[in-house]
Amino acid sequence: MRNILVTGGAGFIGSHLVRLLVNTYPDYHIVNMDVLTYAGNLENLKDIEAKDNYTFVKCDICDVKKVIEVFQEYTIDSVIHLAAESHVDRSIEDPFSFAQTNVMGTLSLLQAAKEYWGGNFTNKLFYHVSTDEVYGSLGEDGFFTEETTYDPHSPYSASKASSDHFVRAFADTYGLPTVISNCSNNYGSYQFPEKLIPLFINNIVHNKSLPVYGKGENVRDWLFVNDHARAIDVIFHKGKLGDTYNIGGFNEWKNIDLIKVMIKTVDRLLGREEGASDKLITYVTDRAGHDLRYAIDSTKLKNELGWEPSLQFEEGIEKTVTWYLKNNEWMEKVTSGKYQEYYKKMYNK
Ligand code: NAD
Ligand code: TYD
């Protein structure tokens, strides 16, 4: 029996993780703490919301007092912390909210855990979910390992790097039992259409232009979101206290090549002629401080804990595009209202 506080469980990765934990471990109580920003959506969890071992609590992670009350009410013994502002472009527009949520919010959770557990850390765990973006940018070759020096460039990655440092500081200073994982770019169902893959799938469907930053030559390492959730499950149960694990699928794609795969897949599934949507590709001004290449070496996770991705990219992208085409109601709901203002502001359309 465990009482696990998952933060950010109504978001993209959090909802997949909550679903996996609730379905796999009927003896665990999963408490999902989320303040429901634009990126948080309880519709993502409709299929499990009535389960006995699941509770949703609407709470801002920055509100230490309320967070401690939640620890008390549900006798929390473990935290898996995902709540964050997560989009690089938004961090360029508004860095303060990233410092607030990602740095102060993480600090507030660490403080709550430390206070509530009161120095008795037996069978306790604070698991912090982070990103490979803290390592900065790679050149043409090489990989990020757990030993790579932090070198963040965007306000988003700087805030995540800072939160990682606070987690390690709490482990070193107060003996808090912690573990951190740094994952590469995720894709799959329920991702908010501000990120490349769902944004472009939706635009292809609606014959809207595809704003490719710069020359489309930046490289990202893509992992199917369910495989990230599986990795978190494995690290939560078997990870060594105080350690860091890199998570990635050795699956690098140049943006423009990935975009061509998306166009091909959407056109085929919609019964359009091959190449029908190629004309939508529009090269636009590059993102400021745009990291050239991310690539994760996840050998440690494979060798020490036996985790490997379950899906090849071709299968994952087919599943993902199919999901967005089938769930156009979900897409319509999240792109109505405020999303239109966001789109106008970011893309001048
Ligand atoms: P997301 O933006 O889809 O979801 C974030 C969730 O956090 C939302 O449900 C939101 O409501 C919630 N949240 C935001 N501020 C909050 C606050 N103050 N209090 C409580 N809840 C709050 O993000 P995601 O893509 O699912 O990412 C989840 C985590 O994984 C983040 O920590 C991110 O840095 C990390 N990560 C993401 C990726 C990726 O490719 N998306 C890759 C590696 C790591
Ligand atoms: P994104 O999904 O925002 O993830 P991240 O910046 O965290 O890696 O972007 C993935 C890549 O796609 C990145 O190199 C930026 C690029 N991109 C575009 O070219 N156009 C877009 O409209 C977006 C959102 C991203």
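Residues numbered from 1 in each chain as written. Chains lettered and ligands numbered in written order. Predicted model: local features only at pLDDT ≥ 70, side-chain atom pairs only at ≥ 80, totals over all residues. Heavy atoms only, no water.

Helix and strand counts for the protein come out as 12 helices and 12 strands. C-alpha extents for the protein along the principal axes are approximately 60 × 45 × 40 Å. By residue count, 57% of the 349 residues in the protein fall in the buried class. Summarising the internal contacts of the protein: among those between residues at least 6 apart in sequence, 83% fall at separations of at least 24. In the form shown here, the protein has an accessible surface area of approximately 15100 Å², with 49% of it arising from carbon and sulfur atoms. Between the mean site of the 36 positive side-chain charges and the mean site of the 48 negative ones, the protein shows a separation of 3 Å. (Helix = DSSP H or I, 4+ residues; strand = E, 2+ residues; numbered from the N terminus. Buried < 20%, exposed > 50% of the residue type's maximum accessible area, 1.4 Å probe, protein only. Contact = heavy atoms within 4.5 Å. Areas by Shrake-Rupley, 256 points an atom, 1.4 Å probe, with all protein chains shown as cover. Lys, Arg positive; Asp, Glu negative; His and termini not counted. Charge placed at Lys NZ, Arg CZ, Asp CG, Glu CD.)

Within the structure, ligand 2 sits among 20 residues, and Glu133, Arg220, Arg287, His290 and Tyr347 are positioned closest to it. Between ligand 2 and asparagine 185 there is a distance of 2.9 Å, counted from an oxygen atom to a side-chain nitrogen or oxygen. A distance of 2.8 Å separates a nitrogen atom of ligand 2 from a polar backbone atom of proline 211. Considering ligand 2 on its own, with 510 Å² of exposed area, one finds that the protein chains cover 97% of that surface. When contributions to the shell around ligand 2 are tallied by element, the ones reaching two or more residues are α3 (88-93), α6 (196-205) and β8 (210-213). For the shell around ligand 2, a count of residues per class yields 9 nonpolar, 5 polar and 6 charged. (Near = heavy atom within 4 Å. Polar contact = N/O pair within 3.5 Å; in protein donor to acceptor, adjacent residues only side chain to side chain. Nonpolar A, V, L, I, M, F, W, Y, C, P; charged D, E, K, R; others polar.)

For tyrosine 28, the position within the fold is in the loop between α1 (12-24) and β2 (29-34). A relative accessible area of 13% means that tyrosine 28 is categorised as buried. Sequence separation between tyrosine 28 and tyrosine 54 is 26 residues, and the spatial gap between their C-alpha atoms is 8.7 Å. If sequence neighbours within four positions are ignored, tyrosine 28 has contacts with Met1, Arg2, Ile4, Asn53 and His237.

With that settled, the discussion passes to the sheet that holds β2. Read from one edge to the other, the open sheet built from 7 strands follows the order β3-β2-β1-β4-β5-β6-β10, with strand pairing classed as parallel. Each edge of the open sheet is held by one strand with a lone partner, namely β3 (54-58) and β10 (244-247). Each strand of the sheet is rotated relative to its neighbour by a mean of 20°, with strand direction disregarded. Running over the sheet, helix α4 (residues 95-117) touches β1 (3-7), β4 (78-81) and β5 (125-131) and is turned about 170° from β5. Docked against the sheet, helix α5 (residues 155-174) engages β5, β6 (178-183) and β10, running at close to 155° with respect to β5. (Pairing = 2+ DSSP bridges. Axes fitted to C-alpha atoms, helices over the stretch in contact; angles between N-to-C directions.)

Of note, threonine 75 is a non-glycine position whose phi angle comes to about 40°, a positive value. Of note, threonine 75 is situated in the loop between α2 (64-73) and β4. Positive phi is not limited to glycine here, since asparagine 207 has a value of about 55°. Among the structural elements, asparagine 207 can be located in the loop between α6 and β8.

Structurally, the position occupied by asparagine 218 is in the loop between β8 and β9 (219-224). A polar atom in the side chain of asparagine 218 sits 3.3 Å from the side chain of histidine 290. Not counting residues within four places of it along the chain, the set of residues in contact with asparagine 218 comprises Tyr213, Trp253, Lys254, Asn255, His290, Asp291 and Leu292.

Moving on, we come to empty space enclosed by the protein. A full pass over the atoms with the stated rule returns 1 cavity of 30 Å³ or more. Approximately 50 Å³ is the volume found for the largest cavity. Along its surface, the largest cavity is lined by Val88, Glu133, Ser154, Arg220, Arg287, Ala288, Gly289, His290, Asp291 and Tyr294. Looking at the lining of the largest cavity residue by residue, the class counts come to 3 nonpolar, 3 polar and 4 charged. (1 Å grid on protein atoms, 1.4 Å probe; cavity = no way out; pocket = protein on both sides within 12 Å on 5 of 7 lines; lining within 4 Å. Points joined across faces, edges and corners; volume = space filled by probe spheres on them.)

Turning to the nonpolar core, a few remarks are in order. If you look at the biggest cluster of nonpolar residues, it comprises 35 residues, and the most contacted ones within it are Ile197, Leu210, Ile259 and Met262. Elements supplying a minimum of two residues to this core: α6, β8, β9, α8 (255-269), α10 (313-326), α11 (328-334) and α12 (338-347). Ignoring any residue separated from it by four or fewer positions in sequence, one finds methionine 262 in contact with Leu196, Ile197, Phe200, Ile201, Ile204 and Ile317. Core analysis: the next-biggest nonpolar cluster, separate from the first, contains 31 residues, Ile30, Leu125, Tyr245 and Ile247 among them. (Core = buried A, V, L, I, M, F, W, Y, C linked by side-chain atoms within 4.5 Å.)

What follows deals with the pattern of salt bridges. Overall, the coordinates contain 16 salt bridges when judged by the stated rule. Close ionic contact of aspartate 89 with arginine 287 constitutes a salt bridge, the shortest N to O distance being 2.7 Å. With aspartate 89 in helix α3 and arginine 287 in the loop between β12 (281-284) and α9 (299-305), this residue pair connects regions lying 198 residues apart in the sequence. The buried category is assigned to arginine 287, whose relative accessible area is 18%. (Salt bridge = Lys/Arg side-chain N within 4 Å of Asp/Glu carboxyl O.)

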